[in-house]
Amino acid sequence: MTSEIVDQMIALLKDPTFCNLRRLVDEHPLPWAEFCNVVTPAGITQKQTWDMLNALRRQTAIELPFRDGDGRRGWYYPTRSILDDLDDIDRRCHEGSWLDTAIKSRNTTFFLIEAHVDEAITTIREDGLTIGYEKAREVLLGERDPENSEERLLLNGHQAIWDLDEYVDRPCTPETILEMYERVSRGVSVQATPSVAQRSALWRKKQLDSPSALALAAKLIEGNRDEHAEHPLLLGMAVRHLVMSTFPLPAWNGTVYSLLMKLLFKKSRLPALAFVPLVKICREWESGVVRPPTVLTSLADSEVLIDNEVDYTIYVGVLAKLVRRKLDEVEDDLKRVIKRDEAFVQALREDVEINHRQRAVLQVALSNPEAVFRIEAHQKTHRVAYATARADLLKLADLGFLQCVRSRRAFEFHVTPGLRQLLTRKGAVD
């Protein structure tokens, strides 16, 4: 390299216009469409400027521990916006955070199941099955037993989420993943045809056999911050892509990868992240339901090929932003539930002793006057003995909040007409 070329490069690096571009790419992901509208240095072409910026970004980029379907390396450049979003996710999802504490509260159990319905429906769609919202809700809340494979898979996957804690302190191995598969597939018919998601060009087949894919997935899940510079959210996305591009399990790969992501977050000490509906977030972006200007780019434009490597900076930026927004929604919903619960506690404490399970029933009854409560469902939701569940609902009936009727040799509890007015007179609701 001649001295003249070196001098030209130094001059370019000092050029105020080029320095402004470097500050811009340091601040947030820069799509090509946005780059085309900025001022570039005199004396070099737009393409040369783009190549120079990318070469500088690559020097300090974070390389991802997986390759795409064509065997290419992947990396992303940690812009300030990405780091801010990931740091915020860490702060709000770590053990002991407000969100983690709220999720562990028994008062929010019913809310969490209700909030999980949409995510559970989206997850089984990854495996080619469909189910309506009301039917899914009935099964997840234990109001009735599953009647077909769709409902059985839905319930198996949901129950497995609550059992993930038993895996947190165990090493994740291919055998662990197979054990999870056995759990979710219990009582479910064999998957006959691949889902639309599995046939999508989004999942390009990797040259990995099933044992190798399971071994890599286990390694990603078991890895910690000392081994990887990557944020757990990105490792979770890597697990998702790996499983859905290799299908290492006989069936239900979509349901299992969702569980594996949640296990990874719990192992990474970000337990609250396991309750963010990531499958739904990804599917909405991938299908175009969420699109610009709500997000920076479409999925197709979020991965940039540079020197036969994949720059995932835009992808990471969009994903982190979407997760952060969803965390806002989850926190807002939980705060409303907690605020309403506190109002019940304050208003009913002097008149009658209402426990947290009974308050949860009343909250649902207020939002849905057509709701029907059953002892078995109440028992499963709150994980109490049958006698305790029965006593909870009968007491609410004695107080006039519910009406007890017999149906098919079992008791059902209907919402008393005018419940809101009744509670208002007691000062329980506004």
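In the block above lies the structure referred to throughout.
Residues numbered from 1 in each chain as written. Predicted model: local features only at pLDDT ≥ 70, side-chain atom pairs only at ≥ 80, totals over all residues. Heavy atoms only, no water.

A. Spatial organisation of the packing of helix α14 (residues 232-246) against helix α15 (residues 253-267). Between α14 and α15, whose axes approach to 9 Å, the crossing angle comes to 160°. With respect to α15, the axis of α14 lies roughly antiparallel. Along this stretch, α14 crosses α15, giving a crossing that reads as right-handed. Touching Pro232, Leu233, Leu235, Gly236, Met237, Val239, Arg240, Val243 and Met244 of α14 are Asn253, Gly254, Tyr257, Leu260, Met261, Leu264 and Phe265, all from α15. A class-by-class count of the residues in the contact of α14 with α15 yields 12 nonpolar, 3 polar and 1 charged. (Axes fitted to C-alpha atoms, helices over the stretch in contact; angles between N-to-C directions. Helix = DSSP H or I, 4+ residues; strand = E, 2+ residues; numbered from the N terminus. Parallel < 35°, antiparallel > 145°, perpendicular 65-115°, else oblique. Left-handed = near helix turned anticlockwise from the far one by under 90°. Contact = heavy atoms within 4.5 Å. Nonpolar A, V, L, I, M, F, W, Y, C, P; charged D, E, K, R; others polar.)

B. Structural context of the sheet that holds strand β4 (residues 309-311). Ordered by their spatial adjacency, 4 strands build an open sheet running β1-β2-β4-β3, and the pairing between neighbours is mixed. Each edge of the open sheet is held by one strand with a lone partner, namely β1 (62-67) and β3 (304-306). Ignoring which end each strand starts from, the neighbouring axes of this sheet average 35° apart. In this sheet, β4 lies alongside strand β2 (residues 73-76) in parallel orientation, the contact comprising 2 bridges. Residue pairing across strands places Trp75 opposite Asp311, the latter belonging to β4. (Pairing = 2+ DSSP bridges.)

C. Summary view of the packing of aromatic side chains. Tallied over the full model, the rule gives 6 aromatic pairs. With centroids separated by 5.5 Å and ring planes inclined at 35°, the aromatic side chains of Trp32 and Phe35 adopt a geometry described as tilted. Within this pair, Trp32 and its partner Phe35 are both found in helix α3 (residues 32-35), separated by 3 residues, close to a single helical turn. Using a relative accessible area of 38% as the deciding quantity, one classes Trp32 as partly exposed. What makes Phe35 buried here is its relative accessible area of 0%. By the ring-pair criterion, three or more aromatic residues cluster together here, those being Trp32, Phe35 and Trp50. Geometry around Trp98 places Lys335 over its ring, the cationic atom sitting 5.5 Å from the centre. Here the basic side chain of Arg406 rests over the ring of Phe411, its NZ or CZ set 4.4 Å away from the ring centre. (Phe/Tyr/Trp six-rings, centres within 6.5 Å; stacked < 30°, edge-to-face > 60°. Buried < 20%, exposed > 50% of the residue type's maximum accessible area, 1.4 Å probe, protein only. Lys NZ or Arg CZ within 6 Å of the ring centre and 35° of its normal.)

D. Spotlight on the sheet that holds strand β7 (residues 410-415). The antiparallel open sheet is built from 3 strands, whose spatial order is β5-β7-β6. Unpaired on one side and paired on the other, β5 (372-374) and β6 (402-407) mark the two borders of the sheet. Ignoring which end each strand starts from, the neighbouring axes of this sheet average 35° apart. Pairing geometry for β6 and β7, over 6 bridges, is antiparallel. Looking at β7, one finds that Arg406 is bridged to Phe411. Together, β5 and β7 form the strand contacts of helix α19 (residues 375-382), whose direction differs from that of β5 by roughly 75°. Each of β5, β6 and β7 is contacted by helix α20 (residues 386-398), which is oriented at about 120° to β6, the strand it contacts most.

E. Representation of the pattern of salt bridges within the structure. For the coordinates displayed, the defined rule picks out 34 salt bridges. Across the pair Asp88 and Arg91 runs a salt bridge whose closest N-O atoms are separated by 2.5 Å. Placement of both Asp88 and Arg91 in helix α5 (residues 80-93) is noted, with a separation of 3 residues, approximately one turn of the helix. A relative accessible area of 51% places Arg91 in the exposed class. With a shortest N-O distance of 2.6 Å, Asp328 and Arg92 are connected by a salt bridge. Placement of the pair is Asp328 in helix α17 (residues 313-348) and Arg92 in helix α5, with a sequence separation of 236 residues. Among the charged side chains, a network of salt bridges with common partners joins Asp85, Asp88, Arg91, Arg92, Lys321, Arg324, Asp328 and Glu331. (Salt bridge = Lys/Arg side-chain N within 4 Å of Asp/Glu carboxyl O.)

F. Fine view of helix α18 (residues 356-367). Given a rise of 1.5 Å per residue, 12 residues ought to cover 16 Å, and the 17 Å separating the end C-alpha atoms of α18 matches this to within 8%. Across the 12 residues of α18, 11 count as buried, placing the element largely inside the fold. Sitting at the head of α18, Asn355 places a side-chain oxygen 3.0 Å from the backbone nitrogen of Arg357. (Expected span 1.5 Å × (residues − 1). Polar contact = N/O pair within 3.5 Å; in protein donor to acceptor, adjacent residues only side chain to side chain.)

G. Region of the structure containing the nonpolar core. The biggest cluster of nonpolar side chains holds 89 residues, and the ones touching the most others in it are Tyr76, Ile177, Leu233, Leu273, Leu278 and Val323. In terms of residue count, the dominant contributor to this core is α17 (11 residues). Those residues in contact with Tyr76, other than ones at most four positions away along the chain, are Ala61, Ile62, Leu64, Ile82, Leu86, Leu234, Asp311, Tyr312, Thr313 and Val316. (Core = buried A, V, L, I, M, F, W, Y, C linked by side-chain atoms within 4.5 Å.)

H. Main features of helix α9 (residues 149-162). If you check α9, its first and last C-alpha atoms are 20 Å apart, about what 14 residues at 1.5 Å a residue would give, namely 20 Å. Most of α9 is tucked away: 10 of the 14 residues are buried. Among the residues of α9, those classed as buried are Ser149, Glu151, Leu153, Leu154, Leu155, Asn156, Gly157, His158, Ala160 and Ile161. The opening residue of α9 is Asn148, an N-cap whose side-chain oxygen sits 3.2 Å from the backbone nitrogen of Glu150.

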